[in-house]
Amino acid sequence: MKQVWIVGSGGPENLQLREAPDSQPQAGELRVRVRASGVNFADILARKGLYPDAPKLPAVVGYEVSGFVDAVGPQVNTAWIGKEVLCLTRFRGYADTVVVSQNQAFEKPPALSFEQAAAIPVNYLTAWQLLVVMGALEPSETVLIHNAGSGVGLAAIDIARHIGATIYGTASAGKHAFLQQRGLHEAIDYTRLDWTREVARLTQGRGVELITDPLGGSEWKKSYRALRHTGRLGMFGASTATESKLPGPLKLLKVGLGMPWFNPVALMNQNRSVFGVNLGHLWHEAAKIDAWMKAVLDGVSAGWVRPHVDRTFPLAKAGEAHAYIEARKNTGKVVLVV
Ligand SMILES: NC(=O)c1ccc[n+]([C@@H]2O[C@H](COP(=O)([O-])OP(=O)(O)OC[C@H]3O[C@@H](n4cnc5c(N)ncnc54)[C@H](OP(=O)(O)O)[C@@H]3O)[C@@H](O)[C@H]2O)c1
């Protein structure tokens, strides 16, 4: 089989294609011949040595794939063989073959291409947890989606639109027209404007009920202040870490030092709440993930889940895929194809 390895921390040139013997499924596992692998911002952080959850380098990263099952391990129903699936992978998704636990695999809806299916697991499950499970977004409320043009951002727009909420989003200006077509009501260029002022202007100073924030560090302080009373802040990433000019792990230190400390009395008196989301720490909650995935795949059938693949790259060109995202060129998902 072919795998793309991160051979050391640094630039995209550290992604290298290598051959390895085919993995064999053990008890409870399926082997998937991969057709498409989702690229996530976390993979870029891992390559830069800025992702605490990443496997020790050298390693094969990749959190999600689509493809078909060609072998199963002991205690697995052989009816899986030949089925088209989309899967969460606890790494090793940057490959043409991967072995996964059967509870991380879901049947691919026939209406989706393999590329679209690979754009579903991480983005839609994260957005579902943020907006529905923990954010409890209501139709009468307003949500601010930071990085609205990212994979998670577009998934969040689909879900907020389905709920019927008012949707604001921050993104680079070149993405605004497309995001508005997708359902964003107000697009804010956070690279040029103070987005907090824009939110205050749009809400007559009241703030919004829900903010999904993957920026991290001191941005979380700003997001907290932009909440309306009864507002919720969902924190789920630290993309601003890559912007610091400091070397290696010092980048994370800067983000850490900028973080807010939340005071329970202030939370009570301001009627606000804060929560964190890390899908990569939910492997032990398979029943929850299964239920959320069912809701998302029902959304595919109903037509409101619309995975958007911005661009595909051949597996061997994974470095180019990373560079494309780091240049902020993507609107929605970037996928590696075999
Ligand atoms: N906790 C979790 O479970 C979880 C799960 C998935 C993703 N995440 C987090 O959610 C965020 C989005 O992830 P994703 O995979 O959906 O992103 P993605 O599709 O790879 O898109 C990244 C986009 O984020 C924006 N961005 C913001 N800061 C950036 C920076 N410093 N460098 C490059 N681009 C930057 C850019 O768009 P604009 O410039 O237009 O904004 C870029 O196009 C990341 O922070 C990621 O770590 C967390």
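Parameters and conventions
Residues numbered from 1 in each chain as written. Predicted model: local features only at pLDDT ≥ 70, side-chain atom pairs only at ≥ 80, totals over all residues. Heavy atoms only, no water. Axes fitted to C-alpha atoms, helices over the stretch in contact; angles between N-to-C directions. Helix = DSSP H or I, 4+ residues; strand = E, 2+ residues; numbered from the N terminus. Parallel < 35°, antiparallel > 145°, perpendicular 65-115°, else oblique. Left-handed = near helix turned anticlockwise from the far one by under 90°. Contact = heavy atoms within 4.5 Å. Nonpolar A, V, L, I, M, F, W, Y, C, P; charged D, E, K, R; others polar. Near = heavy atom within 4 Å. Polar contact = N/O pair within 3.5 Å; in protein donor to acceptor, adjacent residues only side chain to side chain. Areas by Shrake-Rupley, 256 points an atom, 1.4 Å probe, with all protein chains shown as cover. Pairing = 2+ DSSP bridges.

S.K.: What exactly am I supposed to notice about the packing of helix α3 (residues 121–133) against helix α4 (residues 151–163) here?
M.R.: It is the contact of α3 with α4, at a shortest axis distance of 8 Å, that shows an interaxial angle of 50°. Looking at the two axes, α3 sits oblique to α4. Where α3 crosses over α4, the two elements pack in a sense that is right-handed. Where α3 abuts α4, its residues Asn123, Tyr124, Thr126, Ala127, Trp128, Leu130, Leu131 and Val132 lie against Gly151, Val152, Ala155, Ala156, Asp158, Ile159, Ala160 and Ile163. Across the contact of α3 with α4, the residue classes break down as 12 nonpolar, 3 polar and 1 charged.

S.K.: Is there a simple way to think about the site of the ligand in this case?
M.R.: Surveying the vicinity of the ligand reveals 26 residues, the closest of which are Ser172, Tyr190, Thr242, Arg328 and Asn330. Taking Phe41, its main chain carries an N or O atom lying 2.9 Å from an oxygen atom of the ligand. When the free accessible area of the ligand is taken as 910 Å², the share hidden by the protein chains comes to 94%. Going through the elements one at a time, α3, α4 and α11 (318–326) are the ones with two or more residues in the shell around the ligand.

S.K.: What exactly am I supposed to notice about the sheet that holds strand β12 (residues 227–235) here?
M.R.: In a beta sheet, neighbouring strands are held together by backbone hydrogen bonds and run either parallel or antiparallel to one another. What the 6 strands build is an open sheet, ordered β10-β9-β8-β11-β12-β13; its pairing is parallel. Each edge of the sheet is formed by a strand with only one pairing partner; in this case those strands are β10 (186–188) and β13 (273–276). Each adjacent strand pair in this sheet contributes to an overall mean axis angle of 15°, direction not counted. When strand β11 (residues 208–213) meets β12, the two strands line up parallel, connected through 5 bridges. The residue of β12 that forms the bridge with Thr212 is Gly234. Its contacts with the sheet put α3 on β11, β12 and β13, and the angle it makes with β11 is roughly 160°. Those strands touched by helix α6 (residues 195–202) are β8 (142–145), β9 (166–170), β10 and β11, and its axis lies near 155° from that of β10.

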